[in-house]
Amino acid sequence: MEAESAPSRSIAAPLRAAWSAGRHALSRAARLALDIALPTLCVSCREPVDGEGVCAACWAKLSFIAPPYCPRLGIPFVYDPGPDMLSMEAIASPPAYQRARAAVRYDDVARTLVHALKYQDRTDLAPAMGRWMARAGSELLTGADMLVPVPLHWRRAWRRRYNQSGALARIIARQSSVRVRSEVLRRVRATEQQIGLSRAQRATNVQGAFQVSADLQAAVQGRHIVLIDDVLTSGATADACARALLRAKAAQVDLLVFARVVESGPRPI
């Protein structure tokens, strides 16, 4: 029986490889045919576009964040208050993470990009968004030991099929040569959607939701970690993640996001 089964196994492996290669080639051909038949549309205005999903007009509408901004939270200032001047938010309610940076303000075009990546399987948007993030967070990435995307609970990850923060982290890793360690941080408790919750409710919602596994704490200890997420609103989720990493003895946790909400009113002091 063993003599008969050995040839069967030796034949099965090449057949599986050939089947996999053929299926991959067919999938690529189908995508190419679809791209030819249906030109890429701008994710924001739906006009035909060459490239990665955003036309020149909508790209021009994105509000990229550049200095001057708060050195702690990355909140843009309307005027330059001088070196090392903190925003009122950084002084009144400093987060667990050390520094935060964002590529753009969370305006209409940025919201459309985020929602397309997050809910509409538009993973083709991740390369451009990730490159913008790598540029905005170059200061954080210098000397960083690892990128940790904000995790989804396993049930939500199963429904979405991918983690948008992980997709962005992989692009940033290619730009910066800082490796991604998705496994070190887990969301151990399913939480409600943060949309519609107050700042206090958001903080309560994610309290205790994240954890570093005991067997991975050695990988975190003494490391400079950059958390990766798509949007920063109240900062409750990022703060909860940072606290979990700091409990595991991370040396420093910074935060890099694609877009952040910028509220009008507060001024540097």
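Just so we're clear, the structure is a prediction, and the values are computed from it rather than from any experiment.

Peer 1: Give me the overall build of the protein chain: which residues, what numbers.
Peer 2: For the protein chain, the count of helices and strands is 11 helices and six strands. By the burial criterion, 43% of the 269 residues in the protein chain qualify as buried. Here the contacts in the protein chain between residues at least 6 apart in sequence split such that 74% fall between residues at least 24 apart. For the protein chain, the exposed surface amounts to about 14800 Å²; the carbon and sulfur share of it is 54%.

Peer 1: Can you lay out the environment of Arg186 for me, pointing to particular residues and giving the numbers?
Peer 2: By the secondary structure assignment, Arg186 is in strand E3 (residues 185-187). We classify Arg186 as partly exposed; its relative accessible area is 38%. Here the alpha-carbon distance between Arg186 and Pro151, two residues 35 residues apart in the chain, equals 6.0 Å. A distance of 2.9 Å separates the side chain of Arg186 from the side chain of Ser213, its partner in a polar contact.

Peer 1: Pulling in residues and values, what's your account of the environment of Gly130?
Peer 2: Assignment of secondary structure puts Gly130 in helix H5 (residues 126-136). The class of Gly130 is buried, set by a relative accessible area of 0%. Once the C-alpha coordinates of Gly130 and Arg170 are considered, the two residues, 40 residues apart in sequence, prove to be 8.1 Å apart. Setting aside residues no more than four positions away along its own chain, Gly130 makes contact with Leu168, Ile171 and Ile172.

Peer 1: Describe helix H11 (residues 236-247), listing the residues and the values that go with them.
Peer 2: Relative to the 16 Å expected for 12 residues at 1.5 Å per residue, H11 spans 16 Å between its end C-alpha atoms, a close match to the ideal helical length. Where burial is concerned, most of H11 is hidden: nine out of the 12 residues are buried. Along H11, the residues classified as buried are Ala236, Thr237, Ala238, Asp239, Ala240, Cys241, Ala242, Ala244 and Leu245. Immediately downstream of H11, the backbone of Lys249 shows phi near 75°, a positive value.

Peer 1: Account for the side chain of Asp239, naming residues and giving values.
Peer 2: Note on placement: Asp239 falls in helix H11. For Asp239, a relative accessible area of 15% gives the class buried. Beyond its immediate chain neighbours, meaning those up to four positions away, Asp239 contacts Pro95, Ala96 and Tyr97.

Peer 1: Could you give me a rundown of the pairing of strand E1 (residues 100-105), with the residues and numbers involved?
Peer 2: Judged by how many residues are buried, E1 sits mostly within the fold: five of six residues are covered. Sheet topology note: the E1/strand E6 (residues 252-260) ladder contains five bridges and is parallel. Looking at the pairing, Ala102 lines up with Val257 of E6.

Peer 1: Quick rundown of the pairing of strand E2 (residues 146-149)? Include the residues and the values.
Peer 2: The side-chain alternation of E2 yields two buried faces, one formed by Met146 and Val148 and the other by Leu147 and Pro149. With four bridges joining them, E2 and strand E5 (residues 224-232) adopt parallel strand pairing. Each residue of the ladder has a partner; that of Leu147, found in E5, is Val226.

Rules used throughout
- Here the residue numbering is sequential within each chain, running from 1 through the sequence in written order.
- In view of the model being predicted, local features appear only for residues whose pLDDT reaches at least 70, and side-chain atom pairs are presented and counted only at 80 or more, with totals across whole chains, interfaces and linings using the full set of residues.
- As a rule here, side-chain values come from all non-hydrogen atoms in the structure, and water together with hydrogens is ignored.
- Helix and strand definitions follow DSSP, with helices as H or I runs of at least four residues and strands as E runs of at least two, each counted in order from the N terminus.
- Relative accessibility decides the category of a residue: with a 1.4 Å probe and only protein chains considered, values under 20% of the type maximum give buried, values over 50% give exposed, and everything between is partly exposed.
- By definition, residues are in contact when any of their heavy atoms lie within 4.5 Å.
- Note on areas: these come from Shrake-Rupley sampling with a 1.4 Å probe, and a residue is covered only by the protein chains present in the view.
- Definition of a polar contact: a pair of N or O atoms within 3.5 Å, with one able to donate and the other able to accept a hydrogen when the atoms are protein atoms, and with sequence-neighbouring residues admitted only if both atoms are side-chain atoms.
- What a helix should span is 1.5 Å times the count of its residues minus one.
- Strand pairing requires that DSSP identify at least two bridges connecting the strands.

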